[in-house]
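One letter stands for each residue in the lines below.
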Amino acid sequence: MDIQLKKGLLDFMVLATIKYEDSYGYKIIQELSNIMDISESTLYPILKRLEKQKLVDTYDTTYNSRIRKYYRINKNGLEKLNESIADFEEIHKMYLYIKR
Amino acid sequence: MNKKTFLNEFKKELKYYKKINSEEIIYYYDEMIQDAIDEGQDEETFIGNLGSISSIIANIIQDEDFVKDVKTANIDSLGNIVSGTVKVMSLIIYYFVVVILAIIFGSIFFSGFGMVIQSTLYLIFDQPTQTDLWVIVGVILMGTGIMILSFGLVYKTFKANDSIRLKIIRKTKEVYRKRSEK
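What counts, and where the lines are drawn
Residues numbered from 1 in each chain as written. Chains lettered and ligands numbered in written order. Predicted model: local features only at pLDDT ≥ 70, side-chain atom pairs only at ≥ 80, totals over all residues. Helix = DSSP H or I, 4+ residues; strand = E, 2+ residues; numbered from the N terminus. Axes fitted to C-alpha atoms, helices over the stretch in contact; angles between N-to-C directions. Left-handed = near helix turned anticlockwise from the far one by under 90°. Contact = placed C-beta atoms within 7 Å. Nonpolar A, V, L, I, M, F, W, Y, C, P; charged D, E, K, R; others polar. Pairing = 2+ DSSP bridges. Core = buried A, V, L, I, M, F, W, Y, C linked by C-beta atoms within 7 Å. Buried ≥ 20, exposed ≤ 12 C-beta atoms within 10 Å, placed from the backbone. pLDDT = per-residue confidence, 0-100. Arc of directions from axis to C-beta.

Peer 1: Is there a simple way to explain unusual backbone geometry in this structure?
Peer 2: For residues besides glycine, phi is generally negative; the peptide bonds are generally trans as well. Residues and elements named next belong to chain A. Unlike most non-glycine residues, Lys 54 shows phi in positive territory, near 60 degrees. Within the fold, Lys 54 resides in the loop between helix 3 (40-52) and strand 2 (56-63). Although it is not a glycine, Ser 65 adopts a positive phi angle of roughly 55 degrees. Inspection of the secondary structure puts Ser 65 in the loop between strand 2 and strand 3 (66-73).

Printed below as a string of structure tokens:
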């Protein structure tokens, strides 16, 4: 897929992944890789950006006596995700137009 | 490559990207790899699939917003270096190394070449005894081996040329940075 196009969508894909359940890097990759091509090095800047834009909160938990960083969607993140749905509907219309 | 080696090499490489939060990235990859191992994935295979360290870094700094944030120094080009002196300095060091290497490889080659020529001449013009003959053939073979070795070294060095050049540039930049930070 076109990189620029993909970049725009990936943030929402990650937000959608943690919408119902907090998650961590490896698990997010596992879930998303069922749907799209995503690598560990692609995810890192996205998580960083979401964190910086204050769309997600993070916290550390201990797992197997090591620390694991969890990502949780916050109110801003949920709002942003909901807003994106309108955009995706528009994209869907474009898709149908392109495909016709 | 196992996790420890991978993370160490990654750390070493990240040193050149001062504004990237290397500790955080290392932490991220450490956790990612450990999670994969705990899930039963093969350590070496998983790390192999991550791609080369340079491509990982390239991928990370490709992200435009991220680039804006981290203000990465484009380490591999001399173009945006702070001072022209550094540029000249690193080029001088680079060519100095090239000349030194050429001298070393040249002398290895000529010592092999000399062995072959001298023994061949001896073989042709003097009448060597049976025992001498074995020694001479041995010396010719050794000389040939040394010549091949020098070719191999030149080939290897040419292949590694790029990384040598980059290392010198990086080192010079590092020295320069340290000095300007003082």
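Having seen the structure, we can now continue with the description.
Peer 1: Is there a simple way to explain the packing of helix 3 of chain A against helix 4 (residues 53-62) of chain B in this structure?
Peer 2: Relative orientation and spacing of two packed helices are given, respectively, by the angle between their axes and the distance between those axes. Following both chains from N to C, one finds helix 3 of chain A and helix 4 of chain B inclined at 30 degrees, their axes separated by 8 Å at the closest point. Every pair of crossing elements has a handedness; the one defined by helix 3 of chain A and helix 4 of chain B is right-handed. Mapping the contact onto sequence places Ser 41, Thr 42, Tyr 44 and Pro 45 of chain A in helix 3 of chain A and Ile 56, Asn 59 and Ile 60 of chain B in helix 4 of chain B. For the contact of helix 3 of chain A with helix 4 of chain B, the per-class residue count stands at 4 nonpolar, 3 polar and no charged.

Peer 1: Sorry, what's going on with the interface of chain B and chain A here?
Peer 2: Bring the parts together and some accessible area is lost; that lost area is often taken as the interface size. Taken residue by residue, the interface counts 15 residues in chain B and 13 residues in chain A. Elements with a minimum of two residues in the side of chain B that touches chain A: helix 2 (22-38), helix 4 and helix 5 (64-70) of chain B. Sort the elements by how many residues they give to the side of chain B that touches chain A and helix 2 of chain B lands first, with 8 residues. Tallied by class, residues from the side of chain B that touches chain A come to 8 nonpolar, 2 polar and 5 charged.

Peer 1: What is the right way to read the pairing of strand 2 of chain A from this model?
Peer 2: Residue and element names in this part refer to chain A. Pairing of strand 2 with strand 3, which is carried by 8 bridges, proceeds in the antiparallel orientation. Paired with Asp 57 across the two strands is Arg 72, which belongs to strand 3. The hairpin formed by strand 2 and strand 3 contains 2 residues between the paired strands, and Asn 64 there has a positive phi angle of roughly 50 degrees.

Peer 1: So what exactly am I meant to see when it comes to the sheet that holds strand 3 of chain A here?
Peer 2: Hydrogen bonding along the main chain pairs the strands of a sheet, whether they run parallel or antiparallel. Residues and elements named next belong to chain A. Spatially, 1-3-2 is the arrangement adopted by the 3 strands of the open sheet, whose pairing is antiparallel. Lying at the two open borders of the sheet, with one neighbouring strand each, are strand 1 (23-24) and strand 2. By the bridge criterion, 2 bridges tie strand 1 to strand 3 in an arrangement that is antiparallel. What sits directly across from Ser 23, in strand 3, is Tyr 71.

Peer 1: What is the right way to read the nonpolar core from this model?
Peer 2: Membership of the largest hydrophobic core comes to 27 residues, with the highest contact counts inside it found for Val 14, Leu 15, Ile 18, Leu 47, Leu 50 and Val 56 of chain A together with Met 32 of chain B. Secondary structure elements with two or more residues in this core: helix 1 (3-17), helix 2 (25-32), helix 3 and strand 3 of chain A together with helix 2 and helix 4 of chain B. A per-element tally of this core places helix 2 of chain B first, with 6 residues. Other than its neighbours up to four places away in sequence, Ile 18 of chain A contacts Ser 23, Val 56, Tyr 71, Arg 72 and Ile 73 of chain A.

Peer 1: Is there a simple way to explain the environment of Lys 3 of chain B in this structure?
Peer 2: All names here are of chain B. With respect to the helices and strands, the residue Lys 3 is situated in helix 1 (residues 3-14). Sequence-wise, Lys 3 and Tyr 29 are 26 residues apart; in three dimensions their C-alpha atoms are separated by 9.2 Å. Ignoring any residue separated from it by four or fewer positions in sequence, one finds Lys 3 in contact with Ile 33, Glu 43 and Ile 47.

Peer 1: Hey, could you run me through the confidence of the model for chain A in this one?
Peer 2: Low-pLDDT stretches of the model should not have their predicted coordinates read in fine detail. Residue-level pLDDT values for chain A average 89, and 95% of them are 70 or greater. Ranking the elements of chain A by mean pLDDT puts helix 1 of chain A last with 83 and strand 1 of chain A first with 94.

Peer 1: Mind showing me how you'd approach helix 4 of chain B here?
Peer 2: Because an α-helix packs 3.6 residues into every turn, residues spaced three or four apart end up facing the same way. Residue and element names in this part refer to chain B. Turning to helix 4, its buried residues number three or more, namely Ile 56, Ile 57 and Ile 60. Buried residues of helix 4, viewed axially, fall in a sector of 95 degrees; they line one side. Projecting away from the buried face of helix 4 at angles above 90 degrees are the exposed residues Ser 54 and Ser 55.

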